[in-house]
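Chain by chain, the residues run as shown.
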Amino acid sequence: MNPKGYSRSQIWLHWSMAVLIVAQFALHDPIVAAWEAVSKGEMPETGLLVWFHIACGSMILALAIWRLALRLTRGAPALPEKEPPLLKGLAHLTHWSLYALMLILPITGLATWFGGSETADFIHTTLKFPLLGLVALHFTAALFQQFVMRTGLINRMLRAEN
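Now for a quick tour of the structure. Every chain is numbered on its own, with residues counted from 1 as its sequence reads. Reporting of local features is limited, given that this is a predicted model, to residues whose pLDDT is at least 70; pairs of side-chain atoms are given and counted only at 80 or more, and all residues count toward the totals for whole chains, interfaces and linings. Only hydrogens and water are removed before side-chain values are computed, so all heavy atoms of the structure are retained for them.

### As for helix H3 (residues 48–74)
- Along its 27 residues, H3 runs 37 Å from first to last C-alpha, staying within 8% of the 39 Å computed at 1.5 Å per residue.
- A run of H or I in DSSP becomes a helix once it reaches four residues, and a run of E becomes a strand once it reaches two; helices and strands are each numbered from the N terminus. Taken from the residues just after H3, Gly75 is the one with a positive phi, measuring 90 degrees. Expected span of a helix, by definition, is 1.5 Å for each gap between consecutive residues, and there is one gap fewer than residues.

### As for the nonpolar core
- In these notes, a set of buried Ala, Val, Leu, Ile, Met, Phe, Trp, Tyr and Cys residues joined through side-chain atoms within 4.5 Å is what counts as a nonpolar core. Burial classes: relative accessible area under 20% of the type maximum marks a residue as buried, over 50% as exposed, and values in between as partly exposed (1.4 Å probe, protein chains only). Met17, Ile60, Met102 and Leu131 are the most contacted members of the largest nonpolar core, which totals 17 residues.
- Among the secondary structure elements, those contributing two or more residues to this core are helix H1 (8–26), H3, helix H4 (85–115) and helix H5 (118–147).
- Among the elements that line this core, the one with the most residues is H3, at six residues.
- Here a residue-residue contact requires only that any non-hydrogen atoms of the pair lie within 4.5 Å. Discounting residues that sit within four places of it in the chain, Met17 has contacts with Ile60, Leu63, Ala64, Arg67 and Met102.
- Membership of the second largest hydrophobic core comes to six residues, among which are Ile31, Trp35, Val50 and Ile54.

Written as structure tokens, this is what we have:
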């Protein structure tokens, strides 16, 4: 299970999830306001952006499961040969941490909204910061690989190879 590159499905999932995650952060104010109203025993305003946040979170969960299934059945290409072992280890840790957060955050978000769980809300709210940090690290590391180490790593997420 060591393909030369990512499949079309894997690439599509990667970029679709990236867009959805950015949208979740950029458009989260209405869901925060709605949850604060619920927490105070008030009737929340559940406009389009509140339902958009819930729908996007649900899509992220479904796509993360699909993505993990593809990774576990098809595999992922090996990291560049000339990459130091420490960086390879950090890459694996970052990727698996991202997968974990792409599962945990939607689950806790749904448990908060539909189950009224304050514990889930605390976890959801707290873990969004590590997700932001890991996304920033992932993005920075990809640019570092591309422009400093010159491994051409970004091409793997632009062009499918079987």
